[in-house]
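# Topology and contacts: notes
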Amino acid sequence: MELGPKTRIFAEDDQGHSFYIIAYGTVSVSTKNNGQITTLGPGKYFGELALASTAKRRATVTTVSKCILLTFQKADFDTFLEQVPEAAADFHIKVVNDVSFGMLLHHAIGLECFTKFLESEYSDENIKFWVAVQGFKKLEDDEKDLREEALKIVDKYLNDESDEGQVNVQFFRRKQTLTSPRSKLMKT
């Protein structure tokens, strides 16, 4: 998006739907109460909270000079985060400062820390099982490959004679998965 000088990109209290990265030029960020807060130049970004929530804009952003902006729409960003849970976790940790435990496990550092904790508690079979199931979910829809991988996971983590140590799965779910490896347990 290319804009001339003194063009308002959005106003405080507008509903946000886009995130911007400045490729060229300068913008001014201001609020009703404080006036101009700062200026931003190439490589800087603004509007990121619109990607994380439906909250209204907290400032007005206006071009100071001619600007070229890269724009990301919330709908496109949401689709991306659904497809790449690792990126969703990273975004929520770094930008939103609020992350669910499930999302934290999709972040490399979060997964590493939790794995170390479980190892110290002698229960790392649970996180190994979770990682195996996440890998299973990413497999292509080749019936033979899916069945082979599901049976490996079942044998490794759900059978009574498992070398890894049996994971904490409700009895009826474990029994269901042992008889049908493509059950809900492997999809959720």
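Residues numbered from 1 in each chain as written. Predicted model: local features only at pLDDT ≥ 70, side-chain atom pairs only at ≥ 80, totals over all residues. Heavy atoms only, no water.

## Section: the overall build of the protein chain
- Scanning the protein chain from terminus to terminus reveals nine helices and eight strands.
- Within the protein chain, the fraction of its 188 residues that count as buried is 35%.
- Within the protein chain, contacts between residues at least 6 apart in sequence are counted, and of these 59% link residues at least 24 apart.
- Of the roughly 11800 Å² of accessible surface on the protein chain, 52% is carried by carbon and sulfur atoms. (Helix = DSSP H or I, 4+ residues; strand = E, 2+ residues; numbered from the N terminus. Buried < 20%, exposed > 50% of the residue type's maximum accessible area, 1.4 Å probe, protein only. Contact = heavy atoms within 4.5 Å. Areas by Shrake-Rupley, 256 points an atom, 1.4 Å probe, with all protein chains shown as cover.)

## Re the sheet that holds strand β2 (residues 8-10)
- Taken together, four strands build an open sheet; the order of strands is β2-β7-β4-β5 and the sheet is antiparallel. What marks the edges here is a single partner per strand, and that holds for β2 and β5 (35-40). The average angle at which neighbouring strand axes cross in this sheet is 30 degrees, direction not considered. (Pairing = 2+ DSSP bridges. Axes fitted to C-alpha atoms, helices over the stretch in contact; angles between N-to-C directions.)

## Structural notes on the packing of helix α6 (residues 125-137) against helix α7 (residues 143-157)
- Where α6 contacts α7, the axes come no closer than 11 Å and their chain directions differ by 175 degrees. In terms of their interaxial angle, α6 and α7 are classed as roughly antiparallel. In contact with E125, K128, F129, A132, V133 and F136 of α6, α7 contributes L146, E149, A150, I153 and Y157.
- Of the residues in the contact of α6 with α7, the class split is eight nonpolar, no polar and three charged. (Parallel < 35°, antiparallel > 145°, perpendicular 65-115°, else oblique. Nonpolar A, V, L, I, M, F, W, Y, C, P; charged D, E, K, R; others polar.)

Read these as layout, nothing more, since geometry by itself doesn't imply function.
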